[in-house]
Amino acid sequence: MKGGQVDNLGDREDGQEGAVSHPSPRAAPMVTPVPHDSEAENRRDRLLAGLTLMIGIGLVLALPFALREGSPFFLPLTAAIVIAIALVPVLEWLERHRVPAPLASLLCVLLFLVAANAALASIVVPAWGWLSIIPERIDNIQDNLKPLIDFYSNFEKFVNRTIQELAQSRPIRPSQTAAESPPRSILEFAATSAPTAIIEMLFAVLVIFFFLSGWTRLRRKAITSRTSFGGAMATARVIQDVVDDTSAYLGTITIINVTLGLLVAGALWLIEMPTPLMWGGIVALLNYIPYLGPIFAAVLLAVGGMMTYQDIWTALLPAAIMGGMHLIEANLITPLVVGRRLTINPILILVSLSFWGWVWGTPGALLAVPLLIIIQTVLNAAGKPDIAGFLFEHGTLVAGGTPPPVRPLQDRETGS
């Protein structure tokens, strides 16, 4: 009989004797492992990671030049997105009070325009007047700087030549200069600006409005489009962290800067400095730029003091007041209010300032820290590239990646 029939007969006989037996399991077929599979996969992973790394380096090198050349588009778009993210908490507060999303977005845009118009009226209008009287006050500046010029005699010719060039730039017909009036509102500023500036301003306002009006729907779609619950929660957490960190930084820094500007304006009013609100607004605005902004504000205050006062020590008093208040704010108030949550590495701040300042100038320097916060929040959630691991270990660009399996020494010697 066939082998299968003999096995069945043996089972029946065992059943008759009362003993239960099972057929012996068949041995699994011997599969010879392919020792080169893991190595081939490792080489493929390293090749893909290398291509990704080279493409990423190329994009990073080309991105600054693209942003710089396309500043008429990228600058208002980036500024509008940062401002819109900062206004999201106000939008959500209005929506919680049952204000429709379009109306809440319109109110947020109007709030921003009112604040910008107030800043323009308090800074630009008086500054226009100061710029118009610079040629008339050059002699006063030179008299105040004379002790310094005498002390540094090697620079005397250079300073005199610079002052003469500034004096020669004085308009010949004062009546025409007096006829020019500074812009007193955003609309008037847009009307006196180039058409490109008008288009960029309108584009930024529209981006803010449509971003805020579609914020709730955009966030819901970004979360619900994830295929897993963990992915949806991670996306929601990243979005909330970006909004919280950006709005918290801009909100607290704005309150601190406005308070600092008002205190400086009050101190300048006590020493009878002309247009103290303008100087306070300049201090508040430049204080958004870490490290470099306060230095530039102190220099401007020193120049304004030398244009106003006859004594060099009195002329430097406004800059000294601003410097003292800034030291208290930077070393005591800001760390106490902001706390450790928004503490950023100073080296990263300097790199961000230099990069965005080179790309977009002063507006880029103002946006440097908010953009750094957004990028840092996203990278902390998404994971940072592991360049050292790619070059020296496991050959992937994912931080904490799993290294390729290593065969034991006996397997490598026997080839099994």
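Considering a nonpolar patch on the surface
Now for step 1: Taken together, the side chains of Y291, L292, I295, F296, V299, V303 and L350 define a hydrophobic patch exposed on the protein surface, amounting to about 660 Å² of accessible area.
Now for step 2: Looking at where L350 falls in the secondary structure, it is placed in helix α16 (residues 346-360).

Looking at the side chain of H326
Now for step 1: For H326, the position within the fold is in helix α15 (residues 317-338).
Now for step 2: A relative accessible area of 18% places H326 in the buried class.
Now for step 3: For H326, the residues in contact, after removing those within four places along its chain, are L260, N287 and P294.

Examining the packing of aromatic side chains
Now for step 1: Applying the stated criterion to the full structure yields eight aromatic pairs.
Now for step 2: Considering the side-chain rings of F73 and F203, the 5.8 Å spacing of their centres and the 35° angle between planes classify their relative orientation as tilted. Of this pair, F73 sits in helix α3 (residues 71-96) while F203 sits in helix α9 (residues 195-213), and the two are 130 residues apart along the sequence.
Now for step 3: On the basis of relative accessibility, which here comes to 28%, the residue F203 falls in the partly exposed class.
Now for step 4: Look at W356 and W360: their rings are 5.1 Å apart centre to centre, the planes differ by 35°, and that puts the pair in the tilted class. Here W360 and W356 lie together in helix α16, a separation of four residues that amounts to about one turn.

Side note on the nonpolar core
Now for step 1: Core analysis: the largest hydrophobic core is formed by 43 residues, its most contacted members being I208, F211, L212 and W215.
Now for step 2: When residues of this core are traced back to their parent elements, those giving at least two are α3, α4 (101-132), α9, α11 (229-270), α16 and α17 (362-382).
Now for step 3: Looking at this core, the element that brings in the most residues is α3, giving 10 residues.
Now for step 4: Among the nonpolar cores identified, the runner-up in size contains 23 residues, and I123, I141, L260 and L268 belong to it.

About the cut-offs
- In this convention, every chain numbers its residues from 1, walking through the sequence in written order.
- In view of the model being predicted, local features appear only for residues whose pLDDT reaches at least 70, and side-chain atom pairs are presented and counted only at 80 or more, with totals across whole chains, interfaces and linings using the full set of residues.
- Computation of side-chain values: all heavy atoms of the structure, hydrogens and water removed.
- Nonpolar side chains (Val, Leu, Ile, Met, Phe, Trp, Tyr) are joined into patches within 5 Å and like charges within 9 Å, using only residues with over 30% relative accessible area and no salt bridge.
- The accessible surface values rely on the Shrake-Rupley method and a 1.4 Å probe; as for residues, cover is taken only from the protein chains in view.
- Here, a salt bridge means any Lys or Arg side-chain nitrogen found within 4 Å of an Asp or Glu carboxyl oxygen.
- In this description a helix means any DSSP run of H or I spanning at least four residues, a strand means any run of E spanning at least two, and both kinds are numbered starting from the N terminus.
- Buried, partly exposed and exposed residues are distinguished by accessible area as a fraction of the type maximum, computed with a 1.4 Å probe on protein chains only: under 20%, between the cut-offs, and over 50%, respectively.
- Whether two residues are in contact is decided by their heavy atoms, any of which lying within 4.5 Å being enough.
- In this scheme Phe, Tyr and Trp rings, the latter by its six-membered ring, pair at centre separations within 6.5 Å, and the angle between planes marks the pair as stacked below 30 degrees, edge-to-face above 60, and tilted otherwise.
- For the purposes of this section, nonpolar cores are sets of buried Ala, Val, Leu, Ile, Met, Phe, Trp, Tyr and Cys residues that join through side-chain atoms within 4.5 Å.

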